[in-house]
Amino acid sequence: MAKYKAVVGAIALVACESLAFAQSTSFRGFRLEAKAGVDRIQANGDHDDKFAYGGSAGWDGIIGEKIVVGPEVSYLDTKGQSCASGVLGGRVCTETRREIGIAVRAGYLATPALLIFGKAGYANDSQRKTFTGDPAGGTAFNTRYRTDGYQVGGGIEYSLVRNFYVSAEYKYANYYSHSSRQNVLGGIGIRF
């Protein structure tokens, strides 16, 4: 009989702790997150993988008990460069510098501490295009510009305690300059 009481007591303790943890976590309100990972720029028929870092800020609200929705702004810093040979010689290179994004994020609470989310929105990238010229007389150039596009992605977010969380996400951005980028990022954040 004592064994059964101990087992029932242990189950009740785990259930109470799980309930307390669920009540202590929150996916509501303002959040700040630091991110780092791998960034791949694709342009000119080639790609380049580099380390990237940045962050995001957003606000989340809960619809019902399971749906989390909110806006997000993000910043990513990297220096990837993608090059290819020119049609008549020379070399054309596209270099990416930084990306700023504005998106709407929507997710589903798989557990009280685990959010599975997707996002979509606007992206703006600062780029530089260079052409080294060719022996046939092509004129070299170096120009900086900003290009607009869209972003889509998704990931998971896990609450460690009420105000701190970790995340992992994949994001794809496509720009009007015939270039794109993909990111795989990990993050750590705080909620207010």
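All values reported here derive from a predicted model rather than from experimental measurement.

1. Regarding the state of the cysteines
Evaluation of the coordinates by the stated rule reveals one disulfide. One disulfide bridge connects Cys83 with Cys93, the sulfur atoms lying 2.0 Å from each other. Here the S-S torsion is close to 115 degrees, and the disulfide linking Cys83 with Cys93 is therefore right-handed. Linking Cys83 in strand S4 (residues 81-85) with Cys93 in strand S5 (residues 91-111), this pair joins segments that are ten residues apart in sequence. Both residues of the pair, Cys83 and Cys93, count as buried.

2. Details of the side chain of Lys35
Along the chain, Lys35 turns up in strand S1 (residues 29-43). In this structure Lys35 touches Ala52, Tyr53, Gly54, Gly55, Ser56, Glu72, Lys119, Glu169, Leu185, Gly186 and Gly187, once residues within four positions along its chain are discounted.

3. Points about empty space enclosed by the protein
The rolling of a water-molecule-sized probe over the atoms marks out the regions of remaining empty space. Under the definition given, this model contains one cavity of 30 Å³ or more. Counted as a void, the largest cavity has a volume near 70 Å³. Around the largest cavity sit Lys35, Gly55, Ser74, Tyr75, Leu76, Glu99, Lys119, Glu169, Lys171 and Leu185, which together line it. When residues of the lining of the largest cavity are traced back to their parent elements, those giving at least two are strand S3 (67-77) and strand S8 (164-175). If you tally residues by element for the lining of the largest cavity, the top one is S3, at three residues. A class-by-class count of the residues in the lining of the largest cavity yields three nonpolar, two polar and five charged.

4. So, the side chain of Thr147
Structurally, the position occupied by Thr147 is in strand S7 (residues 141-159). Within polar-contact distance, the side chain of Thr147 engages the backbone nitrogen of Ser177 at 3.3 Å. Setting aside chain neighbours within four positions, we find Thr147 in contact with Ala123, Asn124, Asp125, Gln127, Tyr175, Tyr176 and Ser177.

5. With respect to the pattern of salt bridges
This model, assessed by the stated rule, comprises 17 salt bridges. For Asp60, the salt bridge is made with Arg105, and the minimal N-O distance between the two is 3.0 Å. Of the two residues, Asp60 is situated in strand S2 (residues 46-63) and Arg105 in strand S5; the sequence distance between them amounts to 45 residues. Arg105 matches Asp60 in its accessibility class, with the two residues each being buried. Residues participating in the shared-partner salt-bridge network are Arg31, Glu33, Lys35, Asp60, Glu72, Arg105, Lys119, Glu157, Glu169 and Arg191.

6. Thoughts on the pairing of S7
Sheet analysis places strand S6 (residues 114-131) next to S7, joined by 18 bridges and oriented antiparallel. Within S7, the position partnered with Ala123 by the bridge is Gly149. Bridge count between S7 and S8: eleven bridges; the pairing is antiparallel. Note on S8: the bridge partner recorded for Gly154 is Tyr170. Counting the residues in the hairpin turn of S7 and S8 gives four residues.

Procedures and definitions
Residues numbered from 1 in each chain as written. Predicted model: local features only at pLDDT ≥ 70, side-chain atom pairs only at ≥ 80, totals over all residues. Heavy atoms only, no water. Disulfide = S-S within 2.5 Å. Helix = DSSP H or I, 4+ residues; strand = E, 2+ residues; numbered from the N terminus. Buried < 20%, exposed > 50% of the residue type's maximum accessible area, 1.4 Å probe, protein only. Contact = heavy atoms within 4.5 Å. 1 Å grid on protein atoms, 1.4 Å probe; cavity = no way out; pocket = protein on both sides within 12 Å on 5 of 7 lines; lining within 4 Å. Points joined across faces, edges and corners; volume = space filled by probe spheres on them. Nonpolar A, V, L, I, M, F, W, Y, C, P; charged D, E, K, R; others polar. Polar contact = N/O pair within 3.5 Å; in protein donor to acceptor, adjacent residues only side chain to side chain. Salt bridge = Lys/Arg side-chain N within 4 Å of Asp/Glu carboxyl O. Pairing = 2+ DSSP bridges.

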